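One letter stands for each residue in the lines below.
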Amino acid sequence: MSEELVEREVAHEQAVVDRVYLRLDEAGVAAQRLAREGHERGRMGHEGGLVERDAMVFQAARRIAQLDAAREGLVFGRLDLDPATDPEPRYIGRLGLRDQDRESLLVDWRAPAAAVFYQATAATPSGVVRRRVLRSAGRTVVGVEDELLDTEAAARLEAEGVELPVVGEGALMAQLSRARDRTMHSIVATIQAEQDEAIRAPSRGVVTIAGGPGTGKTVVALHRAAYLLYSDRRRYETGGVLVIGPSGVFMRYIERVLPSLGETAVALRSLGEVVEGVVASRHDLPAVADVKGSARMAELLRRLAREPVPGARETFRTFWRDDVLELGPQQLTRVRRQLMGQGYRNRQVDRVAPALLDALWRQVRSDRGRERGREAFDDDLLSLPDFVDFAVGWWPPLHAVDVLGWLRDPELLARVGRGLLEDDEQRLLTKSWDDHPVATVATAAKGALSVQDVALLDELRYALGDVPALSPDREDPMRAVDQALEGRVDLQELTTAADREYAPSGRAWAAPTASIEDDGYAHVLIDEAQDLTPMQWRMVGRRGRTASWTIVGDPAQSSWPVPAEADEARRAALERKAVHAFHLSTNYRNSAEIYAYAAAYAQRVGLDADLPTAVRSTGVGPREVVAADEELEQVARREVAALAEQVSGTVGIVVPAARRSEVNAWLASWDERAEDARGARAAVDSSVAPSGEDRVVVLTGLDTKGLEFDGIVVVRPQEIEDESVTGRATLYVVLTRATQLLTTVG
Ligand SMILES: Nc1ncnc2c1ncn2[C@@H]1O[C@H](COP(=O)(O)OP(=O)(O)OP(=O)(O)O)[C@@H](O)[C@H]1O
């Protein structure tokens, strides 16, 4: 293949790409103009103007966000079809564009007209003669990769004088061999046929995408989210698409994919962020996580939500006219039952004082009292500070986070956990909470809870009901109670229309989930679903009652020890929705050498693993080194330095959880020493620093879920395996994270 030919083809495509960008810029200018006009309408002052303004500005903002996001690699595909189908080449890109005459310039990759780009093969070319992938840097085409799918048609065309040269080495291999950085990239140019089927599956019921490590489950699921938004924008944009992944690190890893596909209207949440206003990234130790995740906690929390407020007064006594009135534990239990029977505990706040008054009025026997009548009785008691205090303290509006805190009392925990948790399980829970300060509504927003606590919190939110917003201008006698309550309720943040607008940064958009009445989404997508605990399935299930779902996972990578319990919770969450299953069978991440090593491990330790075929060979197998404890740091440093030298992308050091801070400290000291060397090349690349945008990071086995690195150094693999009951699955995950080089230090 002559260089001249490649240059000529690239130059030709560059001319087309230039035209498309010109059009994109014009579309951007038009969207800006629309936004300006919208604002002007708003200034006209009448109400219709404001509504129009909102609609116009909203449309314009969406368009601008889409156009901005799609700039990089805008045009990536070209189809030359059999002239009988279409004599003009068809260009495929991140979004659709038309020229001034409404002729198609660029076909959106999700449009039906683009489907053959992914589905055509040499065996079934479906009218495609040549498929070309354009590789670009910014607006510049740097290469093209062709595949001839229909040689007969090509020969016919050539006889007619239409030349279709074939250049390049194959787009997929070029894409797979690239160095990895800290974020995932879209695969829009090289989606494979079996992946395309899962991406374009109809949006009814539940789509499951299974497959072994590196088969593209995550990236396919994200493209599917973009596809759904394209195919039924109104439904999914209004109802919201919720994407859930295992950790904050993972969410940051995938967060660029959807915006780069032109989609910004998706809520990306880690399992610690599913509840609006709560952020958690700390994981409990595996043994604690196993208890907190168990389905038994649902019953425990149901009981907890019915418990009296700890420390609240247990009797109320007063004297009215000629009667002594008293509510003791027995009467109060009766009132409590009656209120609990009427619905959510927090919804009863308004009914508490009337119910207590009913019970007290029944004790008024004296003639003088009876004659004064009920209305006067109510007025008198409601103006009695002691009564108001009692009512408010006995039945205050409850925040789930505060109620979760009640479990810190071992006696209370034992009471609500009777018959559900063993003593040692209760001790594990108590210790896990004792180790951290009491969480409040404010601190829960800043990481005070563990990821596992969040599912418990959500369960309680639903058991208690929303914390009521008090109306400040109430006229009725209950006003006294309202006022007393005001100091005790901090109103939950309400989501406004502004929150639904596209953030200018093009980052994720959040659908409102501040209220249990408004938690639902139109589509729920779960990645690494094999790790959801029963309690997490319940939490996620509540957000997808009326949604369609995409569920992605690989059971062999699961770190949940009781799969049957999780399966049951998953079935309940999906409520008999029809399931369409897809399976991916090619590993695109690992070199064949690395995956062979990981697969052999899986078989050796008896994991029932789904083993895909790895397609890319590097000729370099994994390296096993052995180090005694006293030389561990030195050996690890040498191996990390060697990897950092050999790959140009990211390097992960994976360590047992118990060694994490130790290894982080090593890394900091390596960095200092590298700086000491002042410009002279130190043994460790000076980019080996512990913070920020570094090439080298330290992770525990569980942290690596879903991620990938060019090089991985596993420190003490045996300890990772021994760390939990599912340690073998975790180590299998770790061994399947590297694209190029893998070293184990045993
Ligand atoms: N069609 C494709 N073209 C190019 N790259 C691809 C393709 N499919 C997958 N990849 C790449 O393969 C790697 C693995 O993909 P992904 O992380 O989605 O796999 P996964 O099945 O979710 O893996 P795991 O279960 O191990 O976490 C990513 O770098 C992804 O970009």
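Predicted, not measured: the structure shown is a model, and the values here were computed from it.

Thresholds applied
Residues numbered from 1 in each chain as written. Predicted model: local features only at pLDDT ≥ 70, side-chain atom pairs only at ≥ 80, totals over all residues. Helix = DSSP H or I, 4+ residues; strand = E, 2+ residues; numbered from the N terminus. Buried ≥ 20, exposed ≤ 12 C-beta atoms within 10 Å, placed from the backbone. Expected span 1.5 Å × (residues − 1). Arc of directions from axis to C-beta. Contact = placed C-beta atoms within 7 Å. UniProt positions renumbered as here; feature names shortened; annotations may be inferred. Pairing = 2+ DSSP bridges. Axes fitted to C-alpha atoms, helices over the stretch in contact; angles between N-to-C directions. Near = placed C-beta within 6 Å. Nonpolar A, V, L, I, M, F, W, Y, C, P; charged D, E, K, R; others polar. Core = buried A, V, L, I, M, F, W, Y, C linked by C-beta atoms within 7 Å. Parallel < 35°, antiparallel > 145°, perpendicular 65-115°, else oblique. pLDDT = per-residue confidence, 0-100.

A. Just the overall build of the chain, in detail. If you tally the helices and strands in the chain, you get 31 helices and 21 strands. Taking all 746 residues of the chain together, 43% fall into the buried category.

B. Structural context of helix 26 (residues 563–574). Over its 12 residues, helix 26 extends 16 Å from the first C-alpha to the last, a length consistent with the 16 Å expected when each residue adds 1.5 Å. Of the residues making up helix 26, those classed as buried are Ala566, Ala569, Arg570 and Ala573. Down the axis of helix 26, the buried set is contained in an arc of 100°. They therefore lie on one face. In this structure, helix 26 carries Ala564 and Arg571 as exposed residues pointing more than 90 degrees from its buried face. Looking at the buried positions of helix 26, the neighbouring elements they touch are helix 25 (534–541). At the C-terminal side of helix 26, Glu575 shows a positive phi close to 45°.

C. View of the UniProt feature "binding site: ATP" (unreviewed entry) in the chain. According to UniProt, the feature "binding site: ATP" (unreviewed entry) maps to Gly211, Gly212, Pro213, Gly214, Thr215, Gly216, Lys217 and Thr218 in the numbering used here. Of note, Pro213 is situated in the loop between strand 7 (206–211) and helix 7 (217–231). Residues in contact with Pro213, not counting those within four places in the same chain, are Asp554, Gln557, Asn587, Arg589 and Thr736. With respect to the helices and strands, the residue Gly214 is situated in the loop between strand 7 and helix 7.

D. Spatial organisation of the sheet that holds strand 4 (residues 104–108). Strand order in this open sheet of six strands is 3-4-2-1-5-6, and the pairing throughout is mixed. Lying at the two open borders of the sheet, with one neighbouring strand each, are strand 3 (97–98) and strand 6 (140–148). Bridge analysis of strand 1 (residues 75–81) against strand 5 (residues 128–137) gives five bridges, and the strand direction is antiparallel. By the bridge assignment, Gly77 is partnered in strand 5 with Val133. Packing of helix 4 (residues 151–159) onto the sheet brings it into contact with strand 5 and strand 6, and relative to strand 5 it is tilted by some 90°.

E. Up close: the site of the ligand. In the region of the ligand, 22 residues are neighbours, and Pro213, Gly216, Lys217, Thr218 and Tyr588 sit closest. If you list the elements that add at least two residues to the shell around the ligand, you get helix 5 (171–176), helix 7 and strand 15 (586–591). Looking at the shell around the ligand residue by residue, the class counts come to seven nonpolar, 11 polar and four charged.

F. Here's a closer look at the sheet that holds strand 19 (residues 696–700). Spatial ordering of the open sheet is given by 17-21-20-18-19, a layout of five strands whose pairing is parallel. The sheet is open, and its two edges are formed by strand 17 (623–625) and strand 19, each paired on a single side. Between one strand axis and the next, the sheet turns by 20° as a mean value, whatever way the strands run. Bridge count between strand 20 (residues 709–715) and strand 21 (residues 738–745): six bridges; the pairing is parallel. Bridge assignment links Ile712 to a residue of strand 21, and that residue is Leu742. Along the sheet, helix 28 (residues 632–646) contacts strand 17, strand 18 (651–655), strand 19, strand 20 and strand 21; its crossing angle with strand 21, the most-contacted strand, is approximately 165°.

G. Spotlight on helix 7. The first and last C-alpha atoms of helix 7 sit 20 Å apart over 15 residues, in line with the 21 Å expected at 1.5 Å per residue. Within helix 7, 13 of the 15 residues are buried, which leaves the element mostly enclosed by the surrounding structure.

H. Here's a closer look at unusual backbone geometry. The phi dihedral of Arg102 falls on the positive side, at around 65°, and the residue is not glycine. Its location among the elements puts Arg102 in the loop between strand 3 and strand 4. Phi is positive for Glu528, which is not a glycine, with a value near 50°. Mapped onto the secondary structure, Glu528 falls in the loop between strand 12 (523–526) and helix 25.

I. Structural view of the nonpolar core. Counting residues in each nonpolar core, the largest one holds 164 residues, and the members touching the most others are Ala225, Val241, Val454, Leu457 and Leu460. In terms of residue count, helix 7 provides more of this core than any other element does, nine residues in total. Among all residues touching Ala225, those that are not within four sequence positions of it are Val241, Val243, Leu258, Glu263, Val266 and Leu525.

J. Examining the environment of Gln14 more closely. On the secondary structure map, Gln14 appears in helix 1 (residues 3–43). Judged by local crowding, Gln14 falls into the partly exposed class, with 16 C-beta atoms found within 10 Å. Through-space distance from the C-alpha of Gln14 to that of Leu134 is 9.5 Å; in sequence the pair is 120 residues apart.

K. Seen up close, the pairing of strand 8 (residues 241–245). Among the five residues of strand 8, five are classified as buried, and the element is accordingly described as predominantly covered. Residues Val241, Val243 and Gly245 point to one face of strand 8 and Leu242 and Ile244 to the other, with burial holding for every one of them. Bridging between strand 8 and strand 12 involves four bridges; their strand directions are parallel. Its bridge partner being in strand 12, Val241 is matched across the sheet by His523. The pairing of strand 8 with strand 9 (residues 267–270) spans four bridges and is classified as parallel. Residue pairing across strands places Leu242 opposite Ala267, the latter belonging to strand 9.

L. Inspection of the packing of helix 25 against helix 26 at higher detail. Their axes nearest at 8 Å, the elements helix 25 and helix 26 cross at an angle of 10°. Taken together, helix 25 and helix 26 sit at an angle that is classed as roughly parallel. Only Glu565, Ala566, Ala569, Arg570, Ala572 and Ala573 of helix 26 make contact with helix 25, whose side of the interface consists of Pro534, Trp537, Arg538, Val540 and Gly541. Grouping the amino acids of the contact of helix 25 with helix 26 by side-chain chemistry returns seven nonpolar, one polar and three charged.

M. Layout of the confidence of the model for the chain. Per-residue pLDDT for the chain has a mean of 85; in total, 89% of the residues score no lower than 70. Residue range residues 490–510 is modelled with pLDDT below 50. Its contacts to residues more than four positions away, or to other chains, number 35 contacts. Scored below 50 in pLDDT, residues 676–692 makes 30 contacts in the model with residues more than four places away or belonging to other chains. Of the two predicted TM-score estimates for the complex, the pTM is 0.86 and the ipTM is 0.99.

N. How the structure looks around the environment of Val663. Examined against the element boundaries, Val663 turns out to sit in helix 29 (residues 660–676). Val663 gets classed as buried once you count the C-beta atoms within 10 Å, which come to 23. Setting aside anything within four residues of it in sequence, one finds Val663 in contact with Ile653, Val655, Val698 and Val715.

O. Fine view of the environment of Pro112. One can find Pro112 in the loop between strand 4 and helix 3 (115–119). Look at Pro112 and you get exposed, because 10 C-beta atoms sit within 10 Å. Taking the C-alpha atoms as reference points, Pro112 and Ser231, separated by 119 residues in sequence, lie 9.7 Å from one another.

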